[in-house]
2 protein chains.
Amino acid sequence: MSTEIWISQLQDNGYRITSARRAVVDTVYGSTHALTPIEVYDKARKKYRALGLVTVYRTLEKLEELHLIQRVHQPIGCQAFISAGVGHQHLLLCQNCGQVEFFDGDDLDSLTKNIARKTGYQIKEHWLQLFGLCVDCR
Amino acid sequence: MSTEIWISQLQDNGYRITSARRAVVDTVYGSTHALTPIEVYDKARKKYRALGLVTVYRTLEKLEELHLIQRVHQPIGCQAFISAGVGHQHLLLCQNCGQVEFFDGDDLDSLTKNIARKTGYQIKEHWLQLFGLCVDCR
DNA sequence: TTTTTATTGAAAATCGTTTTCAATAAGTAT
DNA sequence: ATACTTATTGAAAACGATTTTCAATAAAAA
Ligand SMILES: [Mn+2]
Ligand SMILES: [Mn+2]
Ligand SMILES: [Zn+2]
Ligand SMILES: [Zn+2]
């Protein structure tokens, strides 16, 4: 499990592999914190100085399109990205340090059935996110 | 239950009641769809032509501050607002027409306890949102 | 190596939002 | 009612984030 997985995915989808894209991939892949475009830019430029902010936006766009990263919605803003989890998962965020973890095993079936019955809605999907303090911050 | 409730709330908190604010309140209060600032502006200007977009932003800011409205996060964007529910509630959104409903009675206690145990996090709050098709759209 | 063309970063354009500011009008005191 | 104080207003300018344009470059194919 390394960044080469993402690189191959880009390649397999007809995208060329460049130094700029490697720098962005290296930065975002494996980050334990959600990163905004500017944050990606600042970090990635330490690996590849000539990198342009525009390319960060364009690369994030492609990674999101390939479901390799996902946008993280937070009270402070919704522009940050994190590696996408595999399969059906949800996020757990530390309100202090911004660390992100995935969890699965939520069982919302009886809940959604209930709501569907009460409201008449046909429920297609759900967003669930937990906020709290991580082991280091509690 | 009318817009006068919001008007009083504004008044009680030292804000003056103006035609511009009435137009915004009349537009947002009771809307079954989340509205963006521009959408509020377009609708409210039919009630009060001289209204400025700036005032829409400023009024929404105050309504949010008083917890009378809340921001709605969606895949397409996170700038829209809807009347805030009372107490602990969650949103149910129609993916077709954008209608918003509230629901309560979710019991996530055992889930959060589980996740807390597995991850070591101290969980403080949660976001839960359901998406689907409303009665009219299904 | 040569050729093709996707990708690049700089600069300009655009979009949503915020700030500035002088004029106005809401609420209060007279 | 009238005068007074000051919060509120909308227009214009400023701002920050994102997107578009474009000529130069470099990745991949021939
Ligand atoms: Mn789930
Ligand atoms: Mn809940
Ligand atoms: Zn933490
Ligand atoms: Zn609908």
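Above this text sits the structure in question.
From a predicted model like this one, the values you see are computed outputs, not experimental measurements. (Residues numbered from 1 in each chain as written. Chains lettered and ligands numbered in written order. Predicted model: local features only at pLDDT ≥ 70, side-chain atom pairs only at ≥ 80, totals over all residues. Heavy atoms only, no water.)

1. A closer look at the interface of chain A and chain B
Here's step 1: With 36 residues of chain A at the contact, the number on the chain B side is 36 residues.
Here's step 2: Of the roughly 3200 Å² buried between chain A and chain B on both sides combined, carbon and sulfur atoms contribute 66%.
Here's step 3: The three residues of chain A that bury the most area against chain B are Tyr121, Trp127 and Phe131 of chain A, which together make up 24% of that side's buried surface.
Here's step 4: On inspection of chain A and its partner chain B, the count reaches zero salt bridges.
Here's step 5: Of all elements in the fold, only β1 (69-74), β3 (90-94), β4 (100-103), α5 (109-119) and β5 (122-133) of chain A reach the threshold of two or more residues within the side of chain A that touches chain B.
Here's step 6: Here the element with the most residues in the side of chain A that touches chain B is β5 of chain A; it accounts for 12 residues. (Contact = heavy atoms within 4.5 Å. Buried area = accessible area lost by both parts, 1.4 Å probe. Salt bridge = Lys/Arg side-chain N within 4 Å of Asp/Glu carboxyl O. Helix = DSSP H or I, 4+ residues; strand = E, 2+ residues; numbered from the N terminus.)

2. Side note on the protein's contact with DNA strand C
Here's step 1: Residues in close proximity to DNA strand C total 21 residues, the closest being Thr18, Arg21, Thr55 and Arg58 of chain A together with Tyr57 of chain B.
Here's step 2: Near the protein, meaning within 4 Å, the atoms of DNA strand C are sugar or phosphate in a fraction of 69%, with bases accounting for the rest.
Here's step 3: A distance of 3.2 Å is found between a phosphate oxygen of DNA strand C and a backbone nitrogen or oxygen belonging to alanine 50 of chain A.
Here's step 4: Between arginine 16 of chain B and DNA strand C, the recorded distance is 2.9 Å, taken from a side-chain N or O atom to a base nitrogen.
Here's step 5: Of all the elements in the fold, those that place two or more residues in the surface near DNA strand C are α2 (19-28) and α4 (53-65) of chain A together with α4 (53-65) of chain B.
Here's step 6: When the residues that make up the surface near DNA strand C are grouped by side-chain class, the tally is 10 nonpolar, six polar and five charged. (Near = heavy atom within 4 Å. Polar contact = N/O pair within 3.5 Å; in protein donor to acceptor, adjacent residues only side chain to side chain. Nonpolar A, V, L, I, M, F, W, Y, C, P; charged D, E, K, R; others polar.)

3. What to know about the relation of the copies chain A and chain B
Here's step 1: Once turned by 179 degrees and shifted 0.0 Å along the axis, chain A lies on chain B with an RMSD of 0.2 Å. One copy is carried onto the other by what is essentially a two-fold rotation axis. If distances are taken from each C-alpha of chain A to the rotation axis, the shortest is found for leucine 128 of chain A, at 2.3 Å.
Here's step 2: Mapped onto chain B, 100% of the interface residues of chain A again fall at the interface, so both copies present the same surface. (Least-squares fit on C-alpha atoms with pLDDT ≥ 70 in both.)

4. Overview of the packing of aromatic side chains
Here's step 1: Here the structure, examined in full by the defined rule, presents four aromatic pairs over all chains.
Here's step 2: Pairing tryptophan 6 of chain A with tyrosine 29 of chain A gives two aromatic rings, centres 4.9 Å apart and planes at 85 degrees, and the pair type is edge-to-face. Linking tryptophan 6 of chain A in helix α1 (residues 4-12) with tyrosine 29 of chain A in the loop between α2 and α3 (37-44), this pair joins segments that are 23 residues apart in sequence.
Here's step 3: Judged by centre distance (5.1 Å) and plane angle (70 degrees), the ring pair of phenylalanine 131 of chain A and tryptophan 127 of chain B falls under edge-to-face. In this pair, phenylalanine 131 of chain A sits in strand β5 while tryptophan 127 of chain B sits in strand β5 (residues 122-133), so the two residues belong to two different chains.
Here's step 4: Take phenylalanine 131 of chain A: its relative accessible area is 3%, and that puts it in the buried class. (Phe/Tyr/Trp six-rings, centres within 6.5 Å; stacked < 30°, edge-to-face > 60°. Buried < 20%, exposed > 50% of the residue type's maximum accessible area, 1.4 Å probe, protein only.)

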